[in-house]
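Listed below are the residues making up each chain.
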Amino acid sequence: MAPLQLPSLCLQWCEQDPRCRRLQLTDLLVAPMQHYMKIPLLLASIRRYTAEVNEQEVLTSCLNKVENSLKSLEDKMRWLKNFERLQEIQSQLIWPSISEMEPRVFIPEFLRQSLCRQPCERLIANPKRQLLHEGFLTFSDGSKIVEIFAFLFDDFFLITRIKKQPKKKSFSENTLNSRSLTEGGIFVVYRQAIALDRFTIHDLGLAEANVPDVYNELRDLFSISNYEIVLAADRGLYA
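You'll find the protein entered in an unreviewed UniProt entry as DH domain-containing protein, with Echinostoma caproni given as the organism.

Participant: How would you explain the environment of Ile89 if you had to name every residue and give the values?
Facilitator: Structurally, Ile89 can be placed in helix 5 (residues 53-92). Exposure remark for Ile89: the relative accessible area of 1% places this residue in the buried category. Counting along the chain gives 93 residues from Ile89 to Thr182, while the straight-line C-alpha distance between them is 7.7 Å. Beyond its immediate stretch of four places on either side in the chain, Ile89 contacts Ile124, Leu131 and Phe151.

Participant: Account for unusual backbone geometry, with residues named and values stated.
Facilitator: You will see that Arg21, though not glycine, has its phi angle at about 55°, which is positive. Mapped onto the secondary structure, Arg21 falls in the loop between helix 1 (5-15) and helix 2 (25-29). For Arg21, a relative accessible area of 71% puts it in the exposed group. Notably, Arg22 is not glycine yet its phi reads approximately 65°, a positive angle. Position of Arg22 among the secondary structure elements: in the loop between helix 1 and helix 2. The class for Arg22 is exposed, based on a relative accessible area of 84%.

Participant: So what about a nonpolar patch on the surface? Which residues, and what values?
Facilitator: Taken together, Leu11, Leu25, Leu29 and Val30 make up a surface patch of nonpolar side chains, about 330 Å² in accessible area. Looking at the element boundaries, Leu11 is found in helix 1. On the basis of relative accessible area, Leu11 is assigned to the partly exposed category, the value being 34%.

Calculation notes
- Residues numbered from 1 in each chain as written.
- Predicted model: local features only at pLDDT ≥ 70, side-chain atom pairs only at ≥ 80, totals over all residues.
- Heavy atoms only, no water.
- Helix = DSSP H or I, 4+ residues; strand = E, 2+ residues; numbered from the N terminus.
- Buried < 20%, exposed > 50% of the residue type's maximum accessible area, 1.4 Å probe, protein only.
- Contact = heavy atoms within 4.5 Å.
- Patch = residues over 30% accessible without salt bridge, like charges linked within 9 Å, V, L, I, M, F, W, Y side chains within 5 Å.
- Areas by Shrake-Rupley, 256 points an atom, 1.4 Å probe, with all protein chains shown as cover.
- Salt bridge = Lys/Arg side-chain N within 4 Å of Asp/Glu carboxyl O.

Given below as structure tokens:
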């Protein structure tokens, strides 16, 4: 038996113990947090039935400290979840060289060697960056209409093409521990990252999307830096 299999077998054996009540390790790990979140309700209830003013003030002080502690803990958990998601996205992206993504852009000879390697490969996993939305979009680039996967961060917008389709979610999957939209997928960056102050998104409804030449009309309407693109959100962005 391989050494790496022992922890997994031990975990399965422990989870079969009747005292676990069919709960898995992930369920047991969040149990203390769930109990801790009930403390503010308990303190508020005790304060409601406390007659002494001094004791009420003490309970109020304790209640405020617990609520602040919970808020701080929630912020840290939210930050950790977001950063882990950024690291996952970064590992799934393939960044072509600048000359491949923008063949029409003139690159001076003295910069070609430096830019042969994409400088944005480590761009995503920044501790201060937030992922706001992600999802499939229909992308119109001139005469071509392609399916893309877009990432909207708090400071830039990234357009990618799907090289390997993500795993499909099953209906029986636990929604609390559901995997990300991109799990198992590989994405090739289609354009250089676009700063948020340099583009506009127009959400097309079904009626607008069926209008003849709507892509050409919108392409003339929206000019984004050196790009002229239209994002038709027929399936929308998902949080």
